[in-house]
There are 2 protein chains.
Amino acid sequence: MRNRINTPARLPLLSQTAEHALRAILYLGRNQGRGLIAATEVAEALGAPPNYLAKTLRLLARKGVLRSVRGPGGGFALARPATAISAAAVVEAVDEVSAPANCLLGNRGCDPQNPCEAHARWEELTRRVLRPMEDTSIADLVGE
Amino acid sequence: MRNRINTPARLPLLSQTAEHALRAILYLGRNQGRGLIAATEVAEALGAPPNYLAKTLRLLARKGVLRSVRGPGGGFALARPATAISAAAVVEAVDEVSAPANCLLGNRGCDPQNPCEAHARWEELTRRVLRPMEDTSIADLVGE
DNA sequence: TCTGTTTCGCATGACTTTATCCTAATTCTC
DNA sequence: GAGAATTAGGATAAAGTCATGCGAAACAGA
């Protein structure tokens, strides 16, 4: 049943981790007034795996998207106002957003110094794909 | 060394398989005049793993993006003119393009019948992300 | 200073994607 | 019809992502 050629892989436009991250950030954004919120509460509210979500929250904190405080009453909160956090920032903090590093004509098709035409055209396309993510803030998604 | 929390996962804006597929399609597009081209030639030209690429080409053929012929002189070629194949079509043939099925507010945040506001906003965003892929043809990328 | 709460960080296991290999099935050429 | 070339397809291995679990570190409050 594994790796059936008829069942294509899932293209993670967002990886599972990034999806968790966005959900968590949105939850924190909607509850911004309440200050710090514990990872377990977020996980329960989203129905996400608690341990893994906690790890993702830590990662977001380390990348400066969230702030975190340990100990009783501690938890996580947005490091900046929701208007100042783009969807792209969240995704990039968690996954390494990588448009294909190598030329689309193949590794041997062109070199970076003297890129082929398809190279430039592909870069332009990836920019157009990523831009909406950069232009959309958490506040936009939450709707404030 | 595995799963270090400091080394974020790669976000496959394109999965590896989709990347191979696009490269292969572009190669076939540029060599359209030559008729059928063997999988081994494509793999060598791109520096891609031959066996896996062959499997991906077969998948593209089954999905109707490529046509294939067996036996000596056989190989693969575009099933339609390069202007009639979108980048999105290639990616979708290989990976299951799936925006998050569940609401961004969390599985328990809203139900499909009565979707929340973030739900609609997220759908709008994913549309904007995918559109450039749909609007760009293989011919556009190759530059004809 | 003790105790409970909560983040931090590593080790490990389960599952998915990527890649390899081998054996058919098909088709051209001689 | 024999033999070589080439796609088709399944079984299996390797690598990566996703998820779990546990102990340590930090912190607040009594």
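In the block above lies the structure referred to throughout.
Parameters and conventions
- Residues numbered from 1 in each chain as written.
- Chains lettered and ligands numbered in written order.
- Predicted model: local features only at pLDDT ≥ 70, side-chain atom pairs only at ≥ 80, totals over all residues.
- Heavy atoms only, no water.
- Helix = DSSP H or I, 4+ residues; strand = E, 2+ residues; numbered from the N terminus.
- Polar contact = N/O pair within 3.5 Å; in protein donor to acceptor, adjacent residues only side chain to side chain.
- Contact = heavy atoms within 4.5 Å.
- Patch = residues over 30% accessible without salt bridge, like charges linked within 9 Å, V, L, I, M, F, W, Y side chains within 5 Å.
- Areas by Shrake-Rupley, 256 points an atom, 1.4 Å probe, with all protein chains shown as cover.
- Salt bridge = Lys/Arg side-chain N within 4 Å of Asp/Glu carboxyl O.
- Lys, Arg positive; Asp, Glu negative; His and termini not counted.
- Charge placed at Lys NZ, Arg CZ, Asp CG, Glu CD.
- Core = buried A, V, L, I, M, F, W, Y, C linked by side-chain atoms within 4.5 Å.
- Buried < 20%, exposed > 50% of the residue type's maximum accessible area, 1.4 Å probe, protein only.

Draft legend 1. Layout of the side chain of T136 of chain B. The residue T136 of chain B is located in the loop between α5 (117-135) and α6 (138-142) in this model. Within the local environment of T136 of chain B, its side chain forms a polar contact with the backbone oxygen of P132 of chain B, the two atoms lying 2.8 Å apart. Discounting residues that sit within four places of it in the chain, T136 of chain B has contacts with L125 and R128 of chain A together with I85, S86, A87 and L141 of chain B.

Draft legend 2. A positive patch on the surface, seen in detail. There is a patch of like positive charges on the surface, built from K55, R58, R62 and K63 of chain A. Looking at where K63 of chain A falls in the secondary structure, it is placed in the loop between α3 (50-62) and β2 (66-69).

Draft legend 3. How the structure looks around the nonpolar core. L60 of chain A together with L60 of chain B are the most contacted members of the largest nonpolar core, which totals 85 residues. With residues up to four places along the chain from it excluded, the contact list for L60 of chain B reads A21, I25, V65, L66, V90, A93 and V94 of chain B.

Draft legend 4. Here's a closer look at the pattern of salt bridges. Taken as a whole and assessed by the stated rule, the structure comprises 8 salt bridges over all chains. In this structure, the salt-bridge partner of R23 of chain B is E19 of chain B, at a minimum N-O distance of 3.1 Å. On the criterion of helical spacing, the pair formed by R23 of chain B and E19 of chain B is a turn pair, its members being 4 residues apart in helix α1 (residues 16-30). Each member of the pair, R23 of chain B together with E19 of chain B, is buried. Salt-bridge contacts for R34 of chain B lead to E41 of chain B; the nearest nitrogen and oxygen are separated by 3.0 Å. Of the residues examined, R34 of chain B reaches a relative accessible area of 47% and is grouped as partly exposed. Because the salt bridges share partners, they merge into one network encompassing E124, R127 and R128 of chain A.

Draft legend 5. Broad picture of the environment of L57 of chain B. All names here are of chain B. With respect to the element layout, L57 can be found in helix α3 (residues 50-62). On the accessibility criterion, L57 (0% relative accessible area) is buried. Considering only alpha carbons, one finds L57 and L36, 21 residues apart in sequence, at a separation of 13 Å. Among all residues touching L57, those that are not within four sequence positions of it are A24, A39, L66 and F76.

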